[in-house]
Amino acid sequence: MYGIKDVKENDSARIEKFITENNYSKYTNMVLQKPYSKFIRDKFQNDSTLIRYYLQPIQALYYNTKDSLISYHVNCNAGGFPNLKWDRNGYFNSYPPKTQTVVDENFVLSDIIPFLKDFKTSNQPTIKEGSNSRIIVIYSLMMERQSKNLIDFIVSNYSVAKETPDLYLVNIDNLYAE
């Protein structure tokens, strides 16, 4: 398929290369663990649309200080080919951006944290407290160019924010590896 690459489970060398080449080491870099998939299927068992959204390879989740999801963007709703159009309809003209995808108020930051591991040490990450907002970007090297485009777009969108949010880059390839 156009622009889709194979991925391997726990491919820390490839993740490290992506982070280094794109100067992303200044952000907190993590991987999503396989049990996340079961958690999502169980939590949203009556809503196949939410299951599909939360398991997509490229997502941006914006959380406020109360760890509530306040803005959500997912690749399957971005539109555009061959480049996804993240700012379609001016979603990112404000901060936090207008949500592009349905926000489930029951999907809080603490739901994701148990499934995150530092990509180098496999330790559970420390999520900074007291931040004005937190952005979780879930990305896949299966769609490396599109992932880079979203991360760079989100960083450039900081210009409309009153504060610099904490950015967490989360690789989801473990869920897609064969």
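Residues numbered from 1 in each chain as written. Predicted model: local features only at pLDDT ≥ 70, side-chain atom pairs only at ≥ 80, totals over all residues. Heavy atoms only, no water.

Asks: Sorry, what's going on with the overall build of the protein here?
Replies: Broken down by element type, the protein carries 6 helices and 6 strands. Secondary structure elements of the protein occur, N-terminal to C-terminal, as α-β-α-α-β-β-α-β-β-α-β-α. Taken over C-alpha atoms, the radius of gyration comes to 15 Å for the protein, in line with the 16 Å a tight globule of 178 residues would show. The dimensions of the protein, computed from C-alpha atoms along their principal axes, are 40 × 35 × 30 Å. The buried share of the protein, taken over its 178 residues, is 48%. Contacts in the protein between residues at least 24 apart in sequence constitute 71% of all its contacts with a sequence separation of at least 6. Counting every atom, the protein has about 9000 Å² of accessible surface; 47% of that belongs to carbon and sulfur. In the protein, 21 positive and 20 negative side-chain charges are present, and the distance between their average locations comes to 4 Å. (Helix = DSSP H or I, 4+ residues; strand = E, 2+ residues; numbered from the N terminus. Rg over C-alpha atoms; globule rule 2.2 N^0.38 Å. Buried < 20%, exposed > 50% of the residue type's maximum accessible area, 1.4 Å probe, protein only. Contact = heavy atoms within 4.5 Å. Areas by Shrake-Rupley, 256 points an atom, 1.4 Å probe, with all protein chains shown as cover. Lys, Arg positive; Asp, Glu negative; His and termini not counted. Charge placed at Lys NZ, Arg CZ, Asp CG, Glu CD.)

Asks: How should I be thinking about the pairing of strand β1 (residues 28-32) in this particular structure?
Replies: The two faces of the sheet receive side chains in turn, since in a regular strand these alternate between them. With 4 of its 5 residues buried, β1 lies for the most part within the structure. Sheet topology note: the β1/strand β6 (residues 166-171) ladder contains 4 bridges and is parallel. Within the sheet, the bridge partner assigned to Met30 lies in β6 and is Val170. In this sheet, strand β4 (residues 116-118) lies alongside β1 in antiparallel orientation, the contact comprising 3 bridges. Counterpart to Met30 in the pairing with β4 is Asp118. (Pairing = 2+ DSSP bridges.)

Asks: Looking at this model, I keep getting lost on the side chain of Asp111. Mind explaining?
Replies: Mapped onto the fold, Asp111 is located in helix α4 (residues 109-112). Asp111 sits in the buried class, given a relative accessible area of 14%. With residues up to four places along the chain from it excluded, the contact list for Asp111 reads Phe39, Lys43 and Asn106.

Asks: Please clarify how helix α2 (residues 35-43) should be interpreted in this entry.
Replies: Helical geometry note: an α-helix holds 3.6 residues per turn, so side chains three or four residues apart project in the same direction. Among the residues of α2, Tyr36, Ser37 and Ile40 are the ones counted as buried. One side of α2 carries all its buried residues, which in axial view fall inside an arc of 105°. Contacts made by the buried residues of α2 are with β1, α3 (48-54), α4 and α6 (173-176). (Arc of directions from axis to C-beta.)

Asks: What am I meant to see in the sheet that holds strand β5 (residues 133-139) here?
Replies: Sheets are built from strands that pair by backbone hydrogen bonding, the pairs being arranged parallel or antiparallel. Strands sit in the order β3-β2-β5-β6-β1-β4 across an open sheet of 6 strands; the sheet is mixed. Edge positions in the sheet fall to β3 (69-74) and β4, since each of these pairs with one other strand and no more. Sheet twist, expressed as the average angle between the axes of neighbouring strands with direction ignored, equals 25°. This element, helix α5 (residues 144-156), spans β2 (59-64), β5 and β6 of the sheet and lies at about 165° to β5. (Axes fitted to C-alpha atoms, helices over the stretch in contact; angles between N-to-C directions.)

Asks: Sorry, what's going on with the nonpolar core here?
Replies: For soluble globular proteins, nonpolar side chains are generally found buried alongside one another. Core analysis: the largest hydrophobic core is formed by 30 residues, its most contacted members being Ile135, Val137, Tyr139, Ile154, Leu167 and Leu169. Counting residues in each nonpolar core, the second largest holds 26 residues, with Met30, Phe44, Val74 and Tyr168 among its members. (Core = buried A, V, L, I, M, F, W, Y, C linked by side-chain atoms within 4.5 Å.)

Asks: Looking at this structure, I do not really get helix α1 (residues 12-21). What am I missing?
Replies: What α1 keeps buried is the set Ile15, Phe18 and Ile19. Around the axis of α1, the buried residues are gathered within 95° of arc, so they sit on the same side. In α1, the exposed positions that point more than 90 degrees away from the buried face belong to Ala13, Lys17, Thr20 and Glu21. Against β1, β5, α5 and β6 lie the buried residues of α1.

Asks: Teacher, can you tell me more about the side chain of Ser71 here?
Replies: In this structure, Ser71 sits in strand β3. Take Ser71: its relative accessible area is 0%, and that puts it in the buried class. At 2.9 Å, the side chain of Ser71 forms a polar contact with the side chain of His73. There is a polar contact of 2.8 Å between the side chain of Ser71 and the backbone oxygen of Pro97. When neighbours within four sequence positions are excluded, Ser71 is seen to be in contact with Ala60, Leu61, Tyr62, Pro97, Lys98, Thr99 and Val103. (Polar contact = N/O pair within 3.5 Å; in protein donor to acceptor, adjacent residues only side chain to side chain.)

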